[in-house]
Amino acid sequence: MTHRILVVDDDPQIRDVICFALDKAGMAAHIARDGLEALAAFRADMPDLVVLDVGMPEMDGLEVCRRIRMVAETPILFLSARDEEIDRVLGLEIGGDDYVTKPFSPRELVARINGILRRTNGKAVQPDIDDTPLRWGGIAVDPQRRIAAYNDAPVVLTAIEFDILAALLAKPGIVFSRERIVGAAYDARIHVSDRTIDSHIRNLRAKFVKAGCDTIVETVHGVGFRLGRCGEPEADGGAS
């Protein structure tokens, strides 16, 4: 299967570099030069993943992401010339799956894209979870179908958020360090900051709060995170 990648950047040189790297990796690249073109191309082609520049004229990448997230959960990897933490955090909080700062290595960019695509398609090889559906109280995930739910109501997650939840759900009660969470949700060759993991955890919590689960992930200060109490089975129930 050839993955279709929408590359959105107003710099033609950067577009060419990315498209060359994607072509070499066996992916089909489509391009857009600004935010408006990006939305039109997205509707027309429905790509498997969007590489999206943050700083563009007319409509920036953050606004493009917001509009895509109104209609689809297609993975989005942000590109930005700015290395400010607020930009990275904001990009993740509005629905981005990953963030790469310019200048970047084309090999790293392709590795991050491949990691997201493997997880989106349920083909990731991960140490903490397998393809068996998991349920703990009202929380349920189906790794093969990439579906999460609370009390049988779907909760739409990004690829990274899903993998974090699946890893925690596979071992309820176990405390995961940030390093272990990175191992479950990212390619092992990629460096991910603590603040990036914290942003994904914050997003995961917010989505489950809306679903009625206010403690999906608990913080164990100085150690990491574990599955929260809102999903615990009733005393006479037990995990299934």
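What counts, and at which threshold
Residues numbered from 1 in each chain as written. Predicted model: local features only at pLDDT ≥ 70, side-chain atom pairs only at ≥ 80, totals over all residues. Heavy atoms only, no water. Helix = DSSP H or I, 4+ residues; strand = E, 2+ residues; numbered from the N terminus. Expected span 1.5 Å × (residues − 1). Buried < 20%, exposed > 50% of the residue type's maximum accessible area, 1.4 Å probe, protein only. Pairing = 2+ DSSP bridges. Axes fitted to C-alpha atoms, helices over the stretch in contact; angles between N-to-C directions. Contact = heavy atoms within 4.5 Å. Core = buried A, V, L, I, M, F, W, Y, C linked by side-chain atoms within 4.5 Å. pLDDT = per-residue confidence, 0-100.

## Quick word on helix α6 (residues 159–170)
With 12 residues, α6 should reach 16 Å at 1.5 Å per residue; the first-to-last C-alpha distance of 16 Å fits that figure. Of all 12 residues that make up α6, 11 are buried, and the element is covered over most of its length. Every buried residue of α6 is listed here: Ala159, Ile160, Glu161, Phe162, Asp163, Ile164, Leu165, Ala166, Ala167, Leu168 and Leu169.

## Side note on the sheet that holds strand β4 (residues 76–80)
Reading across the sheet, the 5 strands line up as β2-β1-β3-β4-β5 and stay open at both edges, with parallel pairing between neighbours. A strand with exactly one partner marks an edge of an open sheet, and here the two such strands are β2 (28–32) and β5 (98–101). Pairwise comparison of adjacent strand axes, ignoring direction, gives a mean angle of 20° for this sheet. Across the sheet, helix α2 (residues 35–45) touches β1 (4–8), β2 and β3 (49–53), and the angle it forms with β1 is around 170°. Sheet strands touched by helix α3 (residues 61–69): β3 and β4. Its angle to β4, the strand with the most contacts, is close to 170°.

## Here we look at the nonpolar core
Leu157, Ile164, Leu165, Phe208 and Ile216 are the most contacted members of the largest nonpolar core, which has 31 residues in total. For this core, the secondary structure elements donating two or more residues are β7 (139–142), β8 (147–150), α6, α7 (178–185), α8 (194–211) and β11 (224–227). At 8 residues, the largest contribution of residues to this core is made by α6. If sequence neighbours within four positions are ignored, Leu165 has contacts with Ile139, Val141, Ala148, Leu157, Leu204, Phe208, Ile216 and Leu227. Membership of the second largest hydrophobic core comes to 21 residues, among which are Val8, Ala38, Ile68 and Tyr99.

## Some remarks on the confidence of the model for the chain
In this model, the chain carries an average pLDDT of 83, and 85% of its residues clear a pLDDT of 70 or more. When mean pLDDT is compared element by element in the chain, β1 scores highest at 96, while helix α4 (residues 85–93) scores lowest at 67. The low-confidence segment residues 235–240, where pLDDT is below 50, has 5 contacts with residues more than four positions distant or belonging to other chains.

## Digging into the pairing of β7
Every regular strand shows the same layout, with side chains that alternate between the two sheet faces. Covered by surrounding structure in β7 are Ile139 and Val141 together with Ala140 and Asp142, the residues of both alternating faces. Inspection of the sheet shows strand β6 (residues 134–136) paired to β7 by 3 bridges, in the antiparallel sense. Each bridged residue has a counterpart across the sheet, and for Arg135 the counterpart in β7 is Ala140. Connecting β6 to the next strand, β7, in antiparallel fashion are 2 residues, including Gly137 with a positive phi near 60°. Between β7 and β8, which pair antiparallel one after the other, the connecting turn spans 4 residues, and Arg146 there sits at a positive phi close to 60°.

## Focus on the sheet that holds β6
Taken in spatial order, the 4 strands line up as β6-β7-β8-β9 in an open sheet, and their pairing is antiparallel. For this open sheet the edge positions go to β6 and β9 (153–154), each flanked by a neighbour on one side alone. Judged from the 2 bridges that link them, β8 and β9 form a sheet pairing that is antiparallel. Of the residues in β9, the one forming a bridge with Ala149 is Pro154. Where α6 meets the sheet, its contacts fall on β6, β7 and β8, and the angle it forms with β7 comes to roughly 115°.

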